[in-house]
Amino acid sequence: MKFIILPLIFLFISINVFAQNAQTPAQDAQKQRQEELLKKQEEKKQKKELKEKQKAEEAQKKTEEKQKIEQEKLFKRQEKEKKAAEAKQKEESEKKQKAEDKENKKQKNNPKTEQEKLLLRHQKEQKKQEEKKKAADEKQKKESEEKQKIEQIQKQEQETEKIRLEEKQKKKTERQQAKEKRKKEKAEKKKLKLQKKQEAQAANEEAAASLVLDYDLRFTAASYSNLDYTYKEAKSESVYRQYLGVNIIGKFDDRIEMSAKLASYGISGKQNEAFDMPYLREKFSFFLESAYLNFKSETDAFIPYVLTFGKQYFTAGDGFIIDSNQNGLLGARVKADILDSFSVDVFAGKVDNIDFSVYGGSIKFKIAPAIEIGIYQERNDTGFAYEKGVVSDSGVYTINSDIKTFYDIRLTGGNQKYKYRLEAAQQTGQLVRSSMTDTVDYDVFAFVAEGSWKGQILKMEANAKMVFSYAQAEDENSFSPTFARRYDGLQRIGYGTLFAASGGDSFLILPYGYRGINTIGVNFDVFPWKFLQTGLGFYMYSASDAPPDAGDAGFAKLYGAKADLGNEIDFSVKYEYLNYFDIRFGFAVYTPPTNGGKVFSNTQASYLYQIEVNAKF
């Protein structure tokens with residue numbers, strides 16, 4: 001009986017202990033779910049870590065496999081010995097623990113008291129209340145966050161509306177300020193205009209009885225080794241030239257200006273027809289170079305204009321087609337600016353006292369680059385032909401009329417450093433000789449392109465200029481404007497100091513049959529000091545039409561040339577004292593074409609040594 005009671009007592013004590021530590025089925029289920037969830041999360045985490053670890057260890061495993069195989073045997077032996085020792089230690093520990101558990105069970109009270117059961121229930125209730133409170137806090141937190149989001153959105157909308165209103169107000173203020181500024185500028189312009197008008201009136205009153213005198217004195221001494229390539233022997237010439245111009249300018253007010261210029265020109269030394277120029281001269285006697293009246297519009301006129309009457313200087317563009325060559329033509333001219341967009345220039349004139357008319361007009365558009373379109377005509381009814389802008393004394397032929405019409409377009413642009421000019425012209429018309437049956441119909445084209453650069457080289461001021469000029473020609477149907485720019489009042493000018501080419505001719509006398517002069521050139525100037533200028537130039541010439549035996553044109557055939565006309569090298573040094581006086585030394589050498597012996601009567605180079613003195617007061 002004793003053996004039966006003892007096991008029952010032990011069983012009863014075990015049940016009470018289990019009941020004391022047991023939890024409700026609901027809590028067990030919840031705990032089990034949480035444990036499963038945690039377990040799944042842990043498994044996922046472990047799988048993820050395992051995959052990452054596997055990827056990282058794959059490379060290392062290959063190198064460590066051999067070492068592991070060798071170590072495994074050693075580890076296995078150690079593990080067996082360790083397990084045997086641990087198993088023995090565990091067995092002894094379990095025995096000891098069982099003995100202690102038995103002793104502890106004996107010492108515990110048998111059943112739970114009512115107070116402990118109430119405490120447990122109180123704890124459960126408290127736990128439920130804490131969970132409810134937690135849920136309520138979370139709900140309140142969510143509501144608070146939503147409310148905060150709504151308030152934030154409303155605040156942003158208010159700020160956006162505020163910014164929009166501020167920008168609207170700012171624009172309104174800016175418009176008002178701009179309006180006030182325009183009013184102010186308009187008032188200031190009106191005030192300035194009135195002030196300028198008053199100043200102009202005051203200046204006119206001061207200058208009412210004033211006269212201005214300008215003096216222009218120029219002198220050259222030049223030595224030429226060869227001027228005429230129609231002679232078998234080179235002809236040298238040494239000449240002295242002098243030009244004196246006295247300009248008288250009278251201003252009555254800001255609208256009327258009168259000007260008259262008396263000029264004296266002369267040349268001393270041996271003379272050749274190459275030195276012929278379109279000036280009235282007789283042993284340095286004075287002649288009337290210009291005498292004209294300018295009548296201007298009011299300063300504030302809607303269309304500003306200038307009317308010019310009398311013997312005046314006519315120039316179209318840069319003188320590619322028409323230039324008075326420092327010898328005024330008698331006529332009238334009108335210039336007007338329209339809406340600051342374009343200007344109009346119309347003129348008509350007569351050459352001295354003979355029946356030679358020059359007239360035309362142009363429209364210039366004030367854009368960048370500037371475009372100018374012009375139509376010009378020259379009508380020669382004198383009965384005499386002109387060569388190089390001078391009446392021909394050779395008496396080769398007389399004419400009934402020579403009419404040339406030019407359609408011209410110019411393009412100019414650039415800045416302070418770079419500038420360029422492109423000009424193209426078409427010449428039409430007809431030459432009628434006295435025989436009435438001997439006529440020439442003009443239909444030729446010409447083109448010029450110029451570019452310039454201004455800057456510094458080795459801290460010295462410098463400038464460079466390049467030019468390409470082309471003139472079409474076929475027999476007498478050649479591009480040959482009578483009054484293109486050729487003379488500066490003292491001597492012949494053009495591309496090259498010595499050859500001095502224009503589109504239709506040159507200073508040097510060439511064999512008959514060369515027409516349409518083409519030029520490719522470059523000129524370079526350096527200013528070591530402000531008062532000293534050194535220059536170097538190189539030019540190559542060709543002809544668009546030439547005699548059959550003239551030879552090959554070389555690379556000039558690329559643009560239609562028929563013959564080579566040689567080349568020129570220029571060198572110059574110029575000293576300038578202020579703006580009143582300068583002296584210049586120049587040297588140039590022209591080399592005729594190497595294959596020109598069949599047409600050129602002599603093929604010797606031409607040299608020029610020249611000293612030029614200019615003074616203005």
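Everything quoted here is computed from the prediction, not taken from an experiment.

**Let's talk about the layout of surface pockets**
(1) Moving on: Taken as a whole, the second largest pocket holds about 1400 Å³ of empty space.
(2) Moving on: Forming the boundary of the second largest pocket are 47 residues, of which Y386, E387, K388, D505 and Y512 lie nearest the centre.
(3) Moving on: For the lining of the second largest pocket, the secondary structure elements donating two or more residues are β10 (386-387), β11 (390-391), β12 (399-414), β13 (418-433) and β18 (515-529).

**Quick look at the pairing of strand β7 (residues 342-350)**
(1) Moving on: Taking every second residue as pointing to the same face, the buried face of β7 carries S343, D345, F347 and G349, while none of F342, V344, V346, A348 and K350 on the other face is buried.
(2) Moving on: Across 9 bridges, β7 lies against strand β8 (residues 356-365) in antiparallel orientation. From the neighbouring strand, F342 faces β8, where its bridge partner is F365.

**Notes on the pattern of salt bridges**
(1) Moving on: Counting across every chain of the model gives 23 salt bridges.
(2) Moving on: Measuring nitrogen to oxygen at the nearest pair gives 2.8 Å for the salt bridge that ties R410 to E372. Taken as a pair, R410 in strand β12 and E372 in strand β9 (residues 370-380) lie far apart in primary sequence, 38 residues in all. The exposure classification of R410 matches that of E372, with both residues buried.

**Quick word on a negative patch on the surface**
(1) Moving on: Among the surface-exposed residues, E42, E43, E49 and E52 lie close enough to one another that they form a single negatively charged patch.
(2) Moving on: With respect to the helices and strands, E43 occurs in helix α2 (residues 25-107).
(3) Moving on: Residue classification places E43 among the partly exposed positions, given a relative accessible area of 35%.

**With respect to a nonpolar patch on the surface**
(1) Moving on: Taken together, the side chains of W529, F531, Y575, Y577, L578, Y580, F581, I583, F585, Y607, Y609 and I611 define a hydrophobic patch exposed on the protein surface, amounting to about 1200 Å² of accessible area.
(2) Moving on: Secondary-structure assignment places Y580 in the loop between β20 (563-577) and β21 (581-591).

**Topic: the pairing of β20**
(1) Moving on: The sheet contact formed by strand β19 (residues 532-545) and β20 spans 11 bridges and is antiparallel. If you follow L536 over to β20, its bridge partner there is F571.
(2) Moving on: Relative to β21, β20 is paired through 11 bridges, and the arrangement is antiparallel. Within β21, the residue paired with D570 across the bridge is A588.

**What about the nonpolar core?**
(1) Moving on: In terms of nonpolar packing, the biggest core is built from 61 residues, with Y224 and Y514 touching the most fellow members.
(2) Moving on: Each residue touching Y514, except ones within four places of it in the same chain, is listed here: A543, D545, A546, P547, A550, A563, L565, V599 and F600.

**Some thoughts on the side chain of N477**
(1) Moving on: Relative to the elements of secondary structure, N477 occurs in strand β17 (residues 477-478).
(2) Moving on: Its relative accessible area of 16% is what places N477 among the buried residues.
(3) Moving on: A polar atom in the side chain of N477 sits 3.0 Å from the backbone nitrogen of D443.
(4) Moving on: In this view, N477 contacts V440, D441, Y442, D443, V444 and Q472; residues no more than four positions away in its chain are not counted.

**Quick word on the packing of aromatic side chains**
(1) Moving on: Throughout the structure, instances matching the rule amount to 25 aromatic pairs.
(2) Moving on: Seen in terms of ring centroids, Y470 and Y559 are 6.4 Å apart; in terms of plane orientation they differ by 85°. Their pairing is edge-to-face. A residue pair is termed long-range when its members are at least 10 positions apart, and Y470 in strand β15 (residues 460-471) and Y559 in the loop between β19 and β20 qualify at 89 residues.
(3) Moving on: Put simply, the rings of Y229, F499, Y514, Y541, Y590 and F600 touch in pairs and so form one group of aromatic residues.
(4) Moving on: Here the guanidinium or amino end of R492 rests over the ring plane of Y487, the centre of that ring lying 5.8 Å away.

**Quick word on the side chain of S362**
(1) Moving on: Position of S362 relative to the elements: it lies in strand β8.
(2) Moving on: S362 sits in the buried class, given a relative accessible area of 7%.
(3) Moving on: With residues near it in sequence (within four places) discarded, S362 still touches S343, V344, D345, E372, I373, G374 and Y376.

What counts as what
- Residues numbered from 1 in each chain as written.
- Predicted model: local features only at pLDDT ≥ 70, side-chain atom pairs only at ≥ 80, totals over all residues.
- Heavy atoms only, no water.
- 1 Å grid on protein atoms, 1.4 Å probe; cavity = no way out; pocket = protein on both sides within 12 Å on 5 of 7 lines; lining within 4 Å.
- Points joined across faces, edges and corners; volume = space filled by probe spheres on them.
- Helix = DSSP H or I, 4+ residues; strand = E, 2+ residues; numbered from the N terminus.
- Buried < 20%, exposed > 50% of the residue type's maximum accessible area, 1.4 Å probe, protein only.
- Pairing = 2+ DSSP bridges.
- Salt bridge = Lys/Arg side-chain N within 4 Å of Asp/Glu carboxyl O.
- Patch = residues over 30% accessible without salt bridge, like charges linked within 9 Å, V, L, I, M, F, W, Y side chains within 5 Å.
- Areas by Shrake-Rupley, 256 points an atom, 1.4 Å probe, with all protein chains shown as cover.
- Lys, Arg positive; Asp, Glu negative; His and termini not counted.
- Charge placed at Lys NZ, Arg CZ, Asp CG, Glu CD.
- Core = buried A, V, L, I, M, F, W, Y, C linked by side-chain atoms within 4.5 Å.
- Contact = heavy atoms within 4.5 Å.
- Polar contact = N/O pair within 3.5 Å; in protein donor to acceptor, adjacent residues only side chain to side chain.
- Phe/Tyr/Trp six-rings, centres within 6.5 Å; stacked < 30°, edge-to-face > 60°.
- Lys NZ or Arg CZ within 6 Å of the ring centre and 35° of its normal.

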